[in-house]
2 protein chains.
Amino acid sequence: MFLKSITGGNIFFVIFQNWSYCFLNIFQGSWKWGPDGHGAVLLVNCDSETSKWKRPDLQQNYISNESDLKDMTKMVLRTNGPTELPEDPHTVERGRASVSKVEGCARALSQEVLYLGKEAETNFYVEGLQFADKGFDGLITINLSLFEPIGPGIPERPIFTDTVVLRVSPWIMTPNTLNPIEVYVCSTDDNNQFLRGMRSLVARSGYRLKICHEYMNRGDRWMQDEMEFGFVDSPHKQFPVVLDSPRDGCLVDFPYYELLGPDFGYVTREAHKREVNTLDSFGNLEVSPPVTVRGKSYPLGRIIIGVAFPIATQGRNMTQVVQDFLWAQKVQDPIALFSDWLCVGHVDEFLSFVPARDRKGFRLLLASPDAGYKLFRRLQKEGYGQSELFDGQYVLNEKPIPVDEILEDEVLRDQNNYVQSCIDWNRDVLKRELGLDEGDIIDLPILFKLVEIDQAMRAVAYYPDMVNMIVLGKNLGIPKPFGPIVKRRCALETEMCNLLEPLGLNCTFIDDFTSYHQLQGEVHCGSNVRREPFDFKWWNMVLDEI
Amino acid sequence: MFLKSITGGNIFFVIFQNWSYCFLNIFQGSWKWGPDGHGAVLLVNCDSETSKWKRPDLQQNYISNESDLKDMTKMVLRTNGPTELPEDPHTVERGRASVSKVEGCARALSQEVLYLGKEAETNFYVEGLQFADKGFDGLITINLSLFEPIGPGIPERPIFTDTVVLRVSPWIMTPNTLNPIEVYVCSTDDNNQFLRGMRSLVARSGYRLKICHEYMNRGDRWMQDEMEFGFVDSPHKQFPVVLDSPRDGCLVDFPYYELLGPDFGYVTREAHKREVNTLDSFGNLEVSPPVTVRGKSYPLGRIIIGVAFPIATQGRNMTQVVQDFLWAQKVQDPIALFSDWLCVGHVDEFLSFVPARDRKGFRLLLASPDAGYKLFRRLQKEGYGQSELFDGQYVLNEKPIPVDEILEDEVLRDQNNYVQSCIDWNRDVLKRELGLDEGDIIDLPILFKLVEIDQAMRAVAYYPDMVNMIVLGKNLGIPKPFGPIVKRRCALETEMCNLLEPLGLNCTFIDDFTSYHQLQGEVHCGSNVRREPFDFKWWNMVLDEI
């Protein structure tokens, strides 16, 4: 008996040889993580072979196209025995092998397989129907049993059972440090300025720009929030899979009707409508670059979501069905941050990751009111106290405000103290959970203000929230902050360049003021990036799950 | 900040010290298995402090007795700071610490704790309300956060959060190799003979015998089937816990009304009545002695249950709620055997474990028709072909049968071939899953016959099923087989003694023929043993769960 391990897409059974069999140690009828692991891999067949009347293939009860077999894991039943089964004195029928029960999903399937004699092969194609989730650990067990008839009135006797265990590929997110493939933005009747900036940045960076037009987006510009790109991987096949948020704004149809297709999968989790809130938008779902934390390696990074404060009894949270799904994928062990202090409540409002040549290969960028105040105080000291934030932006409905006035505003200072505490609280969690040092973090000068929402005071960015950027390789598309002009240049832009250019990054400031910032979002909220998958194979992770 | 680890029952928080704090590496706000693990332990408070109007303490919403606090884990909130919190220019109230959210159970609790100033301690008692189960991994997270008021119209700012993770003690079964404490049997109007045998055996072995009388058992003699003894363990407290089977025969009240009490816990899992079948009796729930399997250590042994054949679509299974409970306990990773081939369908009909001084410290005993036939053929060869099984047992409604006649019966031979295949199939699983060699297994000479039940042919023991024994240290209480008399001694008894006495075991044969065997059960089915808990501490297990 022989089971080809993870390295290939094929699973072989040899059902018997000279009527004896043995278990190889490598196999063990189980699944084991890591480079010395074993077991097979299958994909959830969530793409659609046909792009016309499409729906995920797993919902079809027929094979629409031979190419669909490539999304399944080939399982070979290989017999290696005598031409005919020897006749026991009591044998009245031919022997037969019976395959299989699939555990872990709701259905238990069983099929009888005739013994084909001598050296024969029967091909099976194993199709994944669902991702790991609460109540399904992603493991599928297939048993093959050989029975021998004994005589009338006596059940057939089990000769042996062979077992193969497959694990469904997790859905894997792609951090900012991976190379982009395609950038997605919406076109609306008021975002020309923004689109111009994005078009130029993406073209300059050498990637594809896909524009979702108004007939499809119906005015919903928050491309980040409706969906998250990820991928599934197996030794024989790999394809991108979009996770559709239960947010379901006017962009609701985009992931299904525009993205699902041949070798482009689709998955979603539905929640009760009344449970869905702004924290369910996927600006609140990010992923770190690969990290090692106290000796534990996360070669695919860690998912980051935002929720209510740990002791809160009433706060807003990401809906449980999505949290369950994310945790069940296991390979990017999620971290829950406190984001409910923000009006919109998304983690991308206060953090981002950019690639870096040194240290851990990246930096964590954090919004920092303290850094903002430090900068403004320096400007005042240097004699630029009368330089104005939003200089000349009356046209944008924002009254210009001199640096001196910002620094005098004690309420604003108190509000930003609070915001800084909230970000610091998350900074501690991120340092601990991602194994970061202070040197891995860059504080960006960003102020917030508190506004009342649902009888609670929550934060919004005071000027364009520069941490909410798009990362395209070394090129960053940063919300144009409209800060005080110092020596004919925006002092906030200057500061950003000073902080980020030494890492080999290029800063492009994109004007999203009226079409995004004033609607409480920025560049990152209004865009999405599909990236190349990791080279690292998820089944090589060393998981020690508790 | 300081968290006392597993070694004690106390958990300490120090909420701050000079307004700074740090996380100790040993702590990490997480729970880790193994001798180098960390995290705290709590017990499900499933005993009853009062024995009069009893119900498990966890169902009480008050502390009925100070002794009840001993079943809980003490958590100390220790402040170590200035006498008064320093007044921020904007501080309008005293600081306060807020504890805690309990995750993992349905409720999220939060309580505000006043800052007591300087060095103060507040005691909390953490009570476990449920065992790990499907959907609850047994981990409970308690967060402590310190907030500081900033000013009117601004939320209090979070200074820091400290986290402690506790794991609920699993329910742990006790194998035959552990020392007995108490033996339980039923008294019925027809089992005097059996009771005499048991009373004598238990007295001789030096253990307590507890007899459940007829007013309580209402004729239900299957003491093994209604319940399983286990225990829970923590550094500060340990007590036995009875798992009540959903079988719910006439013995249904016994575990709750006779066993539940101070420091004697009770847990049950309820299933839909129509789902419950004979495989839900706990003769079908056993546990192996400690084993090591391909380098993986199971210092508390492995649970063994019986189910349908893997590819069966219609077979009988142990009900899912009980299986879920058993798997969720994690520390005795269950093995599912094929027991549905038996009429009654219990694993204790074909296997048992006995202590041994050599090898792995135990032997697996298996019923073996092959060993039975081998013995009978030898008897025939030695000239005892006319010796009779059930000799002189006309009185027991069994017609004596000569050895020659048994060996001539081809239908019986075919039926036993089938039975042997079923046991061999399980033998392979047991060897693989318990890491056993052939030398660790002893085959007991036992024949079966097939009878029709629910349109299927299933097996019952042909003569008393000697593997279904009670194990009391070195003393075994074995069903008296009534085999052929050879040299004035039962040849089956002789064979059993030859097989078992070299291990240092003493065989006592107990007549259970009319009162148990003819009702399709034997000594083990009709008894139960509460044993001493393991010395090994479950949290020292090295678990690498997938």
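All values reported here derive from a predicted model rather than from experimental measurement.

Draft legend 1. Up close: the sheet that holds strand 14 (residues 265-268) of chain A. All names here are of chain A. A sheet is described by the order of its strands in space; here four strands give the open sequence 9-12-13-14, paired in mixed fashion. The strands lining the two open edges of the sheet, one partner per strand, are strand 9 (172-173) and strand 14. Inspection of the sheet shows strand 9 paired to strand 12 (residues 227-233) by two bridges, in the antiparallel sense. Following the sheet pairing, Met173 is matched in strand 12 by Gly230.

Draft legend 2. Highlighting the nonpolar core. If you look at the biggest cluster of nonpolar residues, it comprises 75 residues, and the most contacted ones within it are Trp341(A), Phe350(A), Leu351(A), Phe448(A), Met469(A) and Leu500(A). Excluding anything up to four places from it in sequence, Leu500(A) contacts Leu365(A), Ile442(A), Met469(A), Leu476(A), Ile478(A), Leu505(A) and Cys507(A). Counting 74 residues, the second largest nonpolar core, distinct from the first, contains Ile423(B), Leu450(B), Val467(B) and Met496(B).

Draft legend 3. Up close: the environment of Phe194(A). Residue and element names in this part refer to chain A. Counting through the fold element by element, Phe194 comes out in helix 1 (residues 192-205). According to the relative accessible area criterion, Phe194 is buried, its value standing at 0%. Considered as a pair, Phe194 and Val429 are 235 residues apart in the sequence and their alpha carbons are 34 Å apart. The contacts of Phe194, once residues within four sequence positions are left out, are Val185, Ile510, Asp511, Asp512, Ser515, Tyr516, Val523 and Gly526.

Draft legend 4. Main features of the packing of aromatic side chains. As enumerated under the stated definition, the model contains 50 aromatic pairs over all chains in all. A ring pair is formed by Phe482(A) and Phe513(A), whose centres lie 5.1 Å apart and whose planes are at 90°; its orientation type is edge-to-face. In this pair, Phe482(A) is assigned in the loop between strand 28 (475-479) and strand 29 (485-486) and Phe513(A) in the loop between strand 31 (506-510) and strand 32 (527-531), connecting sequence segments 31 residues apart. Look at Phe482(A) and you get buried, because its relative accessible area is 11%. Phe513(A) sits in the buried class, given a relative accessible area of 0%. For the pair Phe229(B) and Phe264(B), a centre-to-centre distance of 6.3 Å together with 65° between the ring planes defines the contact as edge-to-face. Within this pair, whereas Phe229(B) is found in strand 12 (residues 227-233), its partner Phe264(B) is found in the loop between helix 4 (254-259) and strand 14 (265-268), the two being separated by 35 residues in sequence. An aromatic cluster is defined as three or more aromatic residues linked by ring pairs; in this entry it consists of Phe376(A), Phe390(A), Tyr462(A), Tyr463(A), Phe482(A) and Phe513(A). Positioned above the aromatic ring of Trp31(B) is the side chain of Arg167(B), whose terminal nitrogen or guanidinium carbon lies 4.6 Å from the ring centre.

Draft legend 5. Molecular detail of the packing of helix 6 (residues 369-384) of chain B against helix 9 (residues 491-500) of chain B. All names here are of chain B. Look at helix 6 against helix 9: their axes get within 11 Å of each other, and the N-to-C directions meet at 120°. Put simply, helix 6 runs oblique to helix 9. In this structure, helix 6 meets helix 9 at a crossing whose hand is right-handed. Between helix 6 and helix 9, the contacting residues are Leu375, Phe376, Arg378 and Leu379 on the first element and Ala491, Leu492 and Glu495 on the second.

Draft legend 6. How the structure looks around the pattern of salt bridges. A full pass over the atoms with the stated rule returns 60 salt bridges over all chains. Two residues, Glu433(A) and Arg302(A), come together in a salt bridge whose shortest N-O distance is 3.0 Å. With a gap of 131 residues between them, Glu433(A) in helix 8 (residues 410-434) and Arg302(A) in the loop between strand 17 (296-298) and strand 18 (303-307) connect regions that are remote in the sequence. A single burial state applies to Glu433(A) and to Arg302(A), both of which are buried. Here Arg427(B) and Glu438(B) are joined by a salt bridge, their closest N and O atoms 2.8 Å apart. In this pair, Arg427(B) sits in helix 8 (residues 410-434) while Glu438(B) sits in the loop between helix 8 and strand 24 (441-445), placing the two residues 11 residues apart along the sequence. Counted as one network, the salt bridges with shared partners bring together Glu182(A), Arg208(A), Lys210(A) and Arg530(A).

Reading the values: rules and limits
- Residues numbered from 1 in each chain as written.
- Chains lettered and ligands numbered in written order.
- Predicted model: local features only at pLDDT ≥ 70, side-chain atom pairs only at ≥ 80, totals over all residues.
- Heavy atoms only, no water.
- Pairing = 2+ DSSP bridges.
- Helix = DSSP H or I, 4+ residues; strand = E, 2+ residues; numbered from the N terminus.
- Core = buried A, V, L, I, M, F, W, Y, C linked by side-chain atoms within 4.5 Å.
- Buried < 20%, exposed > 50% of the residue type's maximum accessible area, 1.4 Å probe, protein only.
- Contact = heavy atoms within 4.5 Å.
- Phe/Tyr/Trp six-rings, centres within 6.5 Å; stacked < 30°, edge-to-face > 60°.
- Lys NZ or Arg CZ within 6 Å of the ring centre and 35° of its normal.
- Axes fitted to C-alpha atoms, helices over the stretch in contact; angles between N-to-C directions.
- Parallel < 35°, antiparallel > 145°, perpendicular 65-115°, else oblique.
- Left-handed = near helix turned anticlockwise from the far one by under 90°.
- Salt bridge = Lys/Arg side-chain N within 4 Å of Asp/Glu carboxyl O.

Shape is all these values report; function is a separate question.
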